[in-house]
Amino acid sequence: MNDQDAIENYLSTLRRALKGLPAPDCDEILSEIRVHLRESIQQAGSSVQTVISHLGPAEELAAQYRENLLVDRIAKTFSPWVIFHGALRLARTSALGFACFVIALIGYGTGAAMILSAGAKAFFPRQVGLWIGPGIFNFGWHGNSGRYQGGIGFILATDGPAREVLGWWYISVALAIGVLFVWGTTKLVRKFLKRTKTRRPGPFLRSPHVTAIVSTCVLFVLATANLAQSIAR
Amino acid sequence: MLLLNKPSPVETNVNSTDRWEAQLRKGALEMAALTALWGRRLYGLEIIRFLEQRSQLVLSEGTIYPILNRLKAEGLLTSEWVEAEAGHPRKYYSLTQSGRQRARQMAETWLEFSAGLGRLIEPVLEKRGIKK
């Protein structure tokens with residue numbers, strides 16, 4: 001492989017690793033690194049392998065760019081998607097970062113569930129609502145109307161006489177709570193992310209896929225425990 | 001039987017010191033990059049060479065470019081592509097007004113910090129015979 005091929009090889013790995021970044025940013029980064037590689041070889045008279053080894057692996061370089069740009073985007077944005085993405089990256093750096101990601105997952109998950117349940121009320125008006133009875137407070141979905149028998153949502157008891165109290169107001173209330181959860185989670189996680197120093201993913205969780213799988217397992221266990229408790233009652 | 005090469009306490013100590021030193025260098029690199037551009041404009045490789053000559057901060061050349069990119073995104077640096085004699089354009093960086101302000105603040109903070117820390121570590125250095 002000649003020098004030019006080695007440079008192009010490095011740059012194409014870098015381009016792949018930078019995937020997802022805005023195209024102009026990506027092009028500018030690649031141009032700058034191309035100049036660096038060419039001039040380092042010319043000026044120092046070093047081999048292309050030496051110059052590349054001084055620069056570090058393309059994937060690591062891309063990871064540093066991504067994290068630096070992500071911090072900047074977080075500082076400017078209120079987009080839950082960017083914030084969530086930031087929390088996912090932070091989850092890979094420390095146990096505290098992972099806790100922050102779980103908070104984001106629960107906060108956004110609850111917000112999304114509330115907003116979805118507001119929509120579901122339009123299609124299943126007898127099953128979705130706020131059910132109140134002796135020892136019962138359930139905001140969400142339940143199996144039967146009339147006598148309350150289990151359900152999904154904020155559950156305090158699973159069986160007994162209960163009645164739905166909100167009617168069509170449920171849509172407005174669930175929407176408001178959903179938006180409040182999304183807004184609150186965004187504010188909280190954004191604050192946390194801005195204060196956290198950027199660093200490379202640590203040994204806690206290397207891959208974003210592993211992070212996603214582990215957190216899904218955590219939530220699955222929590223949900224199963226909740227369901228088992230409901231059935232036991 | 002599974003045999004694990006457990007690091008000795010001395011090895012662990014050396015690794016922790018290396019990690020700490022790497023973090024220290026990385027933390028100071030942002031200030032160093034701003035300082036390198038004080039009163040002049042330089043392109044990436046010039047900044048790296050400048051820092052290599054005057055400090056031992058640059059461990060991996062790859063760390064400097066993402067930092068420059070972020071400082072630019074924060075509005076502390078500005079950049080322009082200038083056609084060079086080498087036959088291709090180079091990306092030159094210079095400080096913005098807020099970049100100059102930040103560099104000055106960082107330099108003052110660093111001075112106070114290092115003076116305080118210098119006094120603190122005096123007994124440790126004296127014990128090892130490394131007196132000023």
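The present account deals with the structure reproduced in this document. Since we're looking at a predicted model, the values are computed, not measured.

Time to look at helix α2 (residues 23-44) of chain A. All names here are of chain A. Given a rise of 1.5 Å per residue, 22 residues ought to cover 32 Å, and the 31 Å separating the end C-alpha atoms of α2 matches this to within 8%. Of the positions making up α2, those classed as buried are Ile 29, Glu 32, Ile 33, Val 35, His 36, Leu 37 and Ser 40. After α2 finishes, the residue Gly 45 shows a positive phi value of roughly 65°.

Time to look at the sheet that holds strand β1 (residues 42-43) of chain B. Strand pairing in a sheet is mediated by backbone hydrogen bonds. Such pairs are either parallel or antiparallel. Residues and elements named next belong to chain B. Overall, antiparallel pairing links the 3 strands, which are arranged β1-β3-β2 in an open sheet. Here the strands that pair on one side only, and so sit at the sheet edges, are β1 and β2 (77-83). Docked against the sheet, helix α3 (residues 64-73) engages β2 and β3 (89-95), running at close to 115° with respect to β2.

At the interface, 17 residues of chain B touch 17 residues of chain A. Of all the elements in the fold, those that place two or more residues in the side of chain B that touches chain A are α2 (44-54), α3 and β3 of chain B. Per element, the largest residue contribution to the side of chain B that touches chain A is 6 residues, and it comes from α3 of chain B.

Quick look at the packing of helix α1 (residues 3-17) of chain A against α2 of chain A now. Residue and element names in this part refer to chain A. Between α1 and α2, whose axes approach to 10 Å, the crossing angle comes to 150°. Compared by their axis directions, α1 and α2 come out roughly antiparallel. Considering the relative orientation of α1 and α2, their crossing is right-handed. Where α1 approaches α2, its residues Asp 3, Ile 7, Tyr 10, Leu 11, Leu 14 and Arg 15 are matched on the opposing element by Cys 26, Leu 30, Ile 33, Arg 34, Leu 37 and Ile 41.

To continue, consider helix α3 (residues 48-55) of chain A. All names here are of chain A. Three or more residues of α3 are buried, namely Val 48, Val 51, Ile 52 and Leu 55. In a view along the axis of α3, the buried residues occupy a sector of 95°, so they form one face of it. Just downstream of α3, Gly 56 is the residue with a positive phi angle, here 95°.

Turning next to the pairing of β3 of chain B. All names here are of chain B. Relative to β3, β1 runs antiparallel, the two being bridged by 2 bridges. Across the sheet, the residue bridging to Leu 42 is Tyr 93, located in β3. The pairing of β2 with β3 spans 7 bridges and is classified as antiparallel. When the sheet's bridge partners are listed, Trp 81 is paired in β3 with Lys 91.

Conventions used here
Residues numbered from 1 in each chain as written. Chains lettered and ligands numbered in written order. Predicted model: local features only at pLDDT ≥ 70, side-chain atom pairs only at ≥ 80, totals over all residues. Helix = DSSP H or I, 4+ residues; strand = E, 2+ residues; numbered from the N terminus. Expected span 1.5 Å × (residues − 1). Buried ≥ 20, exposed ≤ 12 C-beta atoms within 10 Å, placed from the backbone. Pairing = 2+ DSSP bridges. Contact = placed C-beta atoms within 7 Å. Axes fitted to C-alpha atoms, helices over the stretch in contact; angles between N-to-C directions. Parallel < 35°, antiparallel > 145°, perpendicular 65-115°, else oblique. Left-handed = near helix turned anticlockwise from the far one by under 90°. Arc of directions from axis to C-beta.

Everything listed here is a matter of coordinates, which is why it stays silent on function.
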